[in-house]
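Summary of the model geometry
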Amino acid sequence: MLAGHSNQQELHMSEETSLNAVELATELTIAWLGNQNNRVAAEDVPAFLRTMHATVTDLAAGSSGGPEGAEEAAPVEEFTPAVTVRKSLASKDHIISLIDGKPYKTLRRHLSGHGLTPEQYRERYKLKADYPMVAENYSATRRALANKIGLGQKGRAARASAPAAAPAPAKRAPRKAKTA
């Protein structure tokens, strides 16, 4: 008799949870669609609501499992580098990406195309914090160009120490107004 009563309680609890999940998913969808920065076609709303409901249901099921459920939900993905770290830095002209094994003068744009920041890239491949994102020769060329045009120097001190390229044009006398 007790087992039958327990099953009825579980059934009632699961109906309550699913109802709450539907309500929560609906409210989250309404809030998301209410943001003017989010543009969604009308025919895509039901699919979005289904996705939101599945996510809320998964989260509700995972949270009842305790900390073990959270660890199983997000397994740590192991990434294998395309080349060794040593080989990626072998040339001064380029850095070889550990993602695809191709050479780049700078990795920032390449990483953003893969949805990574330099910090995430370093963390993914267990690189040191000082792992470069720019090839050594490219960095030196850019530094020389910046120094040549006077970047990084402060105000008048920079102008006084920079070599004069051409003398400043002489001031012209003001024009006289025509009289009628």
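Structure first, text after, so check above.
What comes next is a walk through the structure. (Residues numbered from 1 in each chain as written. Predicted model: local features only at pLDDT ≥ 70, side-chain atom pairs only at ≥ 80, totals over all residues. Heavy atoms only, no water.)

Notes on the overall build of the chain
A count of helices and strands for the chain gives eight helices and two strands. Of all 180 residues assigned to the chain, the portion counted as buried reaches 13%. Across the chain, contacts joining residues at least 24 apart in sequence account for 43% of those joining residues at least 6 apart. Taken as a whole, the chain presents about 15000 Å² of accessible surface, with 57% of it coming from carbon and sulfur. (Helix = DSSP H or I, 4+ residues; strand = E, 2+ residues; numbered from the N terminus. Buried < 20%, exposed > 50% of the residue type's maximum accessible area, 1.4 Å probe, protein only. Contact = heavy atoms within 4.5 Å. Areas by Shrake-Rupley, 256 points an atom, 1.4 Å probe, with all protein chains shown as cover.)

Considerations on helix H7 (residues 136–148)
The end-to-end C-alpha separation of H7 is 18 Å, in line with the 18 Å expected for 13 residues at 1.5 Å each. Following H7 by one or two positions, Gly150 has its phi on the positive side, about 90 degrees. (Expected span 1.5 Å × (residues − 1).)

Description of the packing of aromatic side chains
Evaluation of the coordinates by the stated rule reveals three aromatic pairs. Residues Tyr121 and Tyr131 carry aromatic rings whose centres are separated by 6.3 Å and whose planes lie at 55 degrees to one another, so their mutual orientation is tilted. Placement of Tyr121 in helix H6 (residues 118–124) and of Tyr131 in the loop between H6 and H7 is noted, with a sequence separation of ten residues between them. No difference in accessibility class separates Tyr121 from Tyr131, as the two residues are buried. Connected via pairs of aromatic rings, a cluster forms that spans Phe79, Tyr121, Tyr125 and Tyr131. The positively charged end of Arg124 is found above the aromatic ring belonging to Phe79, 3.7 Å away from the centroid. (Phe/Tyr/Trp six-rings, centres within 6.5 Å; stacked < 30°, edge-to-face > 60°. Lys NZ or Arg CZ within 6 Å of the ring centre and 35° of its normal.)

A few points about unusual backbone geometry
Both trends apply: most residues other than glycine have a negative phi, and most peptide bonds are in trans. Unusually for a residue other than glycine, Lys126 sits at a positive phi of about 55 degrees. A relative accessible area of 65% places Lys126 in the exposed class.

Points about the nonpolar core
Side chains that are nonpolar tend, in soluble globular proteins, to be buried together. Of all hydrophobic cores here, the largest spans 13 residues; its most connected members are Leu98, Leu107, Leu111, Tyr121, Leu127, Tyr131 and Met133. Setting aside anything within four residues of it in sequence, one finds Leu98 in contact with Thr80, Pro81, Ala82, Val83, Thr84, Val85, Ser88, Tyr121, Tyr125 and Leu127. (Core = buried A, V, L, I, M, F, W, Y, C linked by side-chain atoms within 4.5 Å.)

Observations regarding the side chain of Ser97
With respect to the helices and strands, Ser97 occurs in the loop between strand S1 (95–96) and strand S2 (103–104). A polar contact is formed between the side chain of Ser97 and the backbone nitrogen of Ile99, at a distance of 3.0 Å. A distance of 3.4 Å separates the side chain of Ser97 from the side chain of Asp100, its partner in a polar contact. Ignoring any residue separated from it by four or fewer positions in sequence, one finds Ser97 in contact with Ala82, Val83, Lys102, Tyr104, Leu107, His110 and Tyr121. (Polar contact = N/O pair within 3.5 Å; in protein donor to acceptor, adjacent residues only side chain to side chain.)

Looking at a nonpolar patch on the surface
A cluster of nonpolar side chains, namely Trp32, Leu33 and Val40, defines an oily patch on the protein surface of about 210 Å² accessible area. Within the secondary structure layout, Trp32 lies in helix H1 (residues 2–34). (Patch = residues over 30% accessible without salt bridge, like charges linked within 9 Å, V, L, I, M, F, W, Y side chains within 5 Å. Salt bridge = Lys/Arg side-chain N within 4 Å of Asp/Glu carboxyl O.)

Description of the pattern of salt bridges
All told, the structure shown has one salt bridge when counted by the stated rule. Among the salt bridges present, the one from Lys92 reaches Glu136, with a minimum N-O distance of 3.9 Å. With Lys92 in the loop between helix H4 (85–88) and S1 and Glu136 in helix H7, this residue pair connects regions lying 44 residues apart in the sequence. By relative accessible area, which is 48% here, Lys92 ends up partly exposed.

Worth remembering: the numbers are spatial, not functional.
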